[in-house]
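What follows is each chain in one-letter form.
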Amino acid sequence: MTQTTNGGAGLRTPRVAIIGAGMSGIGMACKLRMAGIETFHIYEKWDDLGGTWHANTYPGLSCDVPSRNYQYTFAPNPDWSQIFSPGPEIWAYLNRVADDFDLKGRVSLRTEVAEARWEDGEWKLRTKAGDEAVYDFVITAAGGLVQTKTPDLAGLADFEGARFHSAEWDHSVPLEGRRIAVVGTGSTGMQITRALAPVASKFELFQRTPQWIMPLANRRYTVVGKTLLRRFPALNRPLARAWQIVTEGTFGIAVIRPGWQRTLLSAMCRLHVHRVRDPELRKRFTPTDKPMCKRLVMGTGFYGLFSRPHVHLVDSPIERVEAKGIRTTDGVLHELDVIVMATGFDAHLFVRPMELVGTDGVKLSQTWELEPYGYRSVALPGFPNVFMLIGPHSPFGNQSLFLISETQADFAMRCIELWRTGEVDAMSPTREATDRFNAEMKEVLPDTIWASGCKSWYIGADGTPSVWPYEASHHREILQAPEPADWDMKPGPTRSAARETAGV
Ligand code: NAP
């Protein structure tokens with residue numbers, strides 16, 4: 001692609017690389033299309049688009065964020081089947097939006113970007129296969145929960161049955177009537193347990209740390225409701241907004257400060273565990289940390305499963321894996337056919353392993369050596385014209401990543417617009433503004449529930465949670481438009497000409 005000018009409208013044509021064809025990458029591409037920018041390309045390392053909703057195919061997969069709040073604002077879906085829709089339905093929605101915006105021809109699948117290097121005012125991008133291309137902007141949309149974490153259990157390779165991570169499901173393995181173990185009690189472990197405990201001949205949930213579970217019941221939408229929304233599309237927006245207000249006004253507040261929201265949600269979790277009738281078992285299911293300290297697990301229909309004779313909670317630590325199953329430190333060998341590792345992700349890699357080489361050869365891998373950080377979750381000093389979607393400190397605790405990445409994409413679009421009109425050639429946040437933003441955040445992070453003393457994937461190497469410690473609305477407010485004082489901006493031709501005319 002070469003840089004061109006749209007003479008008719010007097011606008012320059014930005015070349016934009018989007019890294020990742022998941023929810024945020026697709027959303028960004030739609031925004032570019034809506035702005036009339038056609039010179040973009042999406043790179044996707046997997047063999048299909050959809051990101052996390054493509055990679056995760058485990059039984060019971062669903063989303064515990066309400067679907068009306070978990071969709072693009074510009075593409076409301078009247079056909080959600082349930083309040084909390086199943087994973088395949090979310091993947092189908094993303095696929096449909098990609099079709100509606102004619103994006104599929106713009107995606108290079110099975111194409112991993114190895115490096116992007118800022119040289120002579122452009123980003124020179126190189127894929128792992130060695131292909132090269134040049135862009136004015138790089139949008140990182142590579143997701144937060146991508147790199148799977150499988151514990152290094154002694155003897156794991158000796159296991160004679162099937163074993164896999166929850167995000168790498170082996171669908172060739174039969175499950176019905178088998179002896180199944182799930183290791184891990186996060187959102188994933190809970191959803192898989194609900195799906196597999198009823199079909200297994202023996203089901204064992206290996207719990208290292210109990211988690212609070214918020215009892216959110218699901219409900220199917222009626223045919224009448226769906227028809228109404230299809231017929232009167234204007235109704236979609238207020239409905240989506242209502243769900244957003246509820247989610248942000250409860251979960252969004254409960255995690256950042258004490259108040260009725262925290263009291264209410266905590267009480268619901270504490271009451272919920274009383275679904276376990278046996279006091280001894282209930283004690284084993286009851287966490288010692290505060291509700292919401294870890295990412296809150298949500299759903300119903302979990303605790304009741306453990307009253308079935310073939311469903312067991314195993315909370316003796318795992319000693320090793322053997323050919324026939326898992327041996328715990330109490331000496332018991334748990335004989336198994338299938339072991340599922342619902343053991344989570346390395347959530348602190350963000351854009352990496354892709355390397356970005358910015359001004360003066362500064363590398364992303366070095367910049368983030370200790371811990372990923374950014375300016376207002378979207379940009380980094382020394383990396384001009386790079387915008388991150390779901391970057392470090394995005395507000396992801398039980399919130400809609402669709403809305404968050406849209407806020408970030410809209411911000412990127414405003415910056416791209418400055419380039420398009422010739423105001424700016426290159427822009428990155430100043431070191432001072434970035435440090436100030438991070439220092440202010442570090443001051444309030446200790447007040448959040450995530451810092452109340454548990455171990456979770458939110459906590460970074462520096463011991464502080466890598467999340468947004470403010471209300472979700474604050475994210476939108478401070479990403480309305482770039483504040484000139486916070487940015488190093490290289491003027492584009494329009495501003496340079498204006499300066500010359502003014503004799504500056
Ligand atoms: P996770 O929340 O990080 O949970 C991992 C689980 O594995 C924890 O229970 C952890 O125990 C356990 N574990 C890790 N290493 C272990 C070991 N060596 N031995 C025993 N247990 C071990 O991972 P996740 O459940 O996959 O969820 C990750 C994130 O994905 C969620 O927090 C959420 O953001 C997202 N998600 C969302 C939905 C949704 O509906 N929206 C659904 C699924 C996932 P410890 O607690 O002791 O570390």
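Numbers given to residues run from 1 along each chain, matching the order in which its sequence is written. It should be noted that, the model being predicted, local features are given only for residues of pLDDT at least 70 and side-chain atom pairs only at 80 or more, the latter also being counted only at that level, while totals for whole chains, interfaces and linings use all residues. The basis for every side-chain value is the complete set of heavy atoms in the structure, and neither hydrogens nor water enter the calculation.

## Concerning the overall build of the protein
- The way it works is that DSSP assigns letters per residue, a run of H or I at least four long becomes a helix, a run of E at least two long becomes a strand, and they are numbered from the N terminus. A count of helices and strands for the protein gives 13 helices and 23 strands.
- Each radius of gyration reported is based on C-alpha atoms, and the globular scaling rule is 2.2 Å times the count of residues to the power 0.38. Rg of the C-alpha trace for the protein: 24 Å, near the compact-globule value of 23 Å for 504 residues, within the 12% margin.
- Each of the three principal axes of the protein carries a C-alpha extent, and together these read 85 × 50 × 45 Å.
- Burial statistics for the protein: of 504 residues in total, 54% are counted as buried.
- In what follows, residue pairs with any heavy atoms lying within 4.5 Å of each other are defined as contacts. Sequence-distant contacts, at least 24 apart, represent 70% of the contacts inside the protein between residues at least 6 apart.
- Accessible surface is estimated by sampling points in the Shrake-Rupley manner with a 1.4 Å probe; for residues, cover comes only from the protein chains shown. A total of about 21400 Å² of accessible surface is found on the protein, and carbon and sulfur atoms cover 53% of it.
- If you average the places of the 56 positive and of the 57 negative side-chain charges in the protein, the two averages end up 7 Å apart. Burial here depends on accessible area, computed with a 1.4 Å probe over protein chains only, as a share of the maximum for the residue type. Under 20% is buried, over 50% is exposed, and the range in between is partly exposed. Within this scheme the basic residues Lys and Arg register as positive and the acidic residues Asp and Glu register as negative, but His and the chain ends are omitted. To locate a charge, take atom NZ for lysine, CZ for arginine, CG for aspartate or CD for glutamate.

## Comments concerning the nonpolar core
- Side-chain atoms within 4.5 Å link the members of a nonpolar core, which is a set of buried Ala, Val, Leu, Ile, Met, Phe, Trp, Tyr and Cys residues. Formed by 123 residues in total, the largest nonpolar core has its most connected members in Ile18, Met28 and Phe387.
- Per element, the largest residue contribution to this core is nine residues, and it comes from helix α10 (residues 401-420).
- Where each domain starts and ends follows an automatic or database-derived domain assignment. Lining this core are residues from two domains, each supplying at least three of them: domain 1 (16-49 + 103-147 + 346-501) and domain 2 (156-221 + 225-234 + 252-341).
- Residue contacts for Phe387: discarding those within four places in its chain leaves Phe137, Val138, Ile139, Thr140, Val378, Ala379, Phe411, Ala412, Cys415, Met427 and Trp487.
- Formed by 12 residues, the second largest nonpolar core is a distinct cluster that contains Leu156, Phe159, Val314 and Met341.

## Examining the side chain of His334
- Topologically, His334 is positioned in strand β18 (residues 333-335).
- Accessibility expressed as a relative area gives 9% for His334, which makes it buried.
- Under this definition, polar contacts are N or O atom pairs within 3.5 Å; protein pairs additionally need one hydrogen-donor-capable and one acceptor-capable atom, and for neighbouring residues in sequence, both atoms have to be side-chain atoms. Among the polar contacts made by the side chain of His334, one reaches the side chain of Glu204 at a distance of 3.1 Å.
- Look past the residues within four positions of His334 in its chain and what remains in contact with it is Lys202, Glu204, Phe206, Val314, Lys324, Gly325, Ile326 and Thr328.

## Considerations on the state of the cysteines
- A pair of sulfur atoms, both from cysteines and within 2.5 Å, is called a disulfide here. Summed over the entire model, instances satisfying the criterion amount to one disulfide.
- Across the disulfide from Cys293 sits Cys454; the S-S distance is 2.1 Å. The S-S bond linking Cys293 to Cys454 shows a torsion near -100°; that makes this disulfide left-handed. Of the two residues, Cys293 sits in the loop between α8 (279-285) and β14 (297-298) while Cys454 sits in the loop between α11 (431-444) and α12 (472-478), which places them 161 residues apart along the sequence.
- Look at Cys293 and you get buried, because its relative accessible area is 0%.
- Look at Cys454 and you get buried, because its relative accessible area is 12%.
- Unpaired in terms of disulfides, Cys30 finds its nearest cysteine sulfur in Cys63, a separation of 18 Å.

## Here we look at the packing of helix α6 (residues 236-254) against helix α7 (residues 260-272)
- Only C-alpha atoms enter the line fits that serve as axes; for helices the fit covers just the stretch in contact. Angles between N-to-C directions range over 0 to 180 degrees. Between α6 and α7, the shortest axis-to-axis distance is 8 Å and the interhelical angle comes to 85°. By the angle between their directions, the pair α6 and α7 is classed as roughly perpendicular. Taking contact as the criterion, the partners of Gly249, Thr250, Phe251, Ile253 and Ala254 in α6 are, on α7, Trp260, Gln261, Arg262 and Leu265.
- We call Asp, Glu, Lys and Arg charged. Ala, Val, Leu, Ile, Met, Phe, Trp, Tyr, Cys and Pro are nonpolar, and the rest, Gly among them, are polar. Here the residues of the contact of α6 with α7 sort into five nonpolar, three polar and one charged. The cut-offs work like this: below 35 degrees is roughly parallel, past 145 is roughly antiparallel, 65 to 115 is roughly perpendicular, and the gaps in between are oblique.

## As for the sheet that holds strand β6 (residues 113-119)
- By this definition, two strands are paired if DSSP reports at least two bridges between them. With mixed pairing, the four strands of this open sheet are ordered in space as β8-β7-β6-β20. Of all strands in the sheet, those with a lone pairing partner are β8 (132-135) and β20 (355-357), marking the two edges. Pairs of neighbouring strands in the sheet enclose a mean axial angle of 15°, with direction left out of account.
- Two strands pair when backbone bridges link them, and β6 and β20 are joined in this way by three bridges, in the parallel orientation. What sits directly across from Ala116, in β20, is Leu356.

## With respect to the pairing of strand β4 (residues 40-43)
- Residues of β4 alternate between two faces, with Phe40 and Ile42 on one and His41 and Tyr43 on the opposite face, all of them buried.
- One ladder, built from two bridges, connects β4 with strand β5 (residues 107-108); its direction is parallel. If you follow Ile42 over to β5, its bridge partner there is Val107.

## Here we look at the side chain of Arg33
- Here Arg33 is to be found in helix α1 (residues 23-34).
- On the basis of relative accessible area, Arg33 is assigned to the buried category, the value being 19%.
- For Arg33, the contacting residues outside a window of four places in its chain are Glu38, Phe40, Phe101, Asp102, Leu103 and Arg106.

## Structural notes on the domain arrangement of the protein
- Domain parsing of the protein yields domain 1 (16-49 + 103-147 + 346-501) and domain 2 (156-221 + 225-234 + 252-341).
- A separation of 33 Å is found between the C-alpha centroids of domain 1 and domain 2.
- Opposite the 17 residues of domain 1 that make contact, domain 2 presents 16 residues.
- By buried area we mean the combined loss of accessible area, with a 1.4 Å probe, across both parts when two parts are placed together. At the boundary of domain 1 with domain 2, total buried surface from both sides reaches about 1400 Å², with 56% on carbon and sulfur atoms.
- Sorting the residues of domain 1 by area buried against domain 2 places Asn398, Ile449 and Glu471 first, and these three jointly supply 42% of that buried surface.
- Here a salt bridge means any side-chain nitrogen of Lys or Arg lying within 4 Å of a carboxyl oxygen belonging to Asp or Glu. Measuring nitrogen to oxygen at the nearest pair gives 2.9 Å for the salt bridge that ties Arg257 to Glu471.
- Between the two partners, domain 1 and domain 2, sit three residue pairs in polar contact (both at pLDDT 80 or more).
- Residue classes in the side of domain 1 that touches domain 2 are distributed as eight nonpolar, six polar and three charged.

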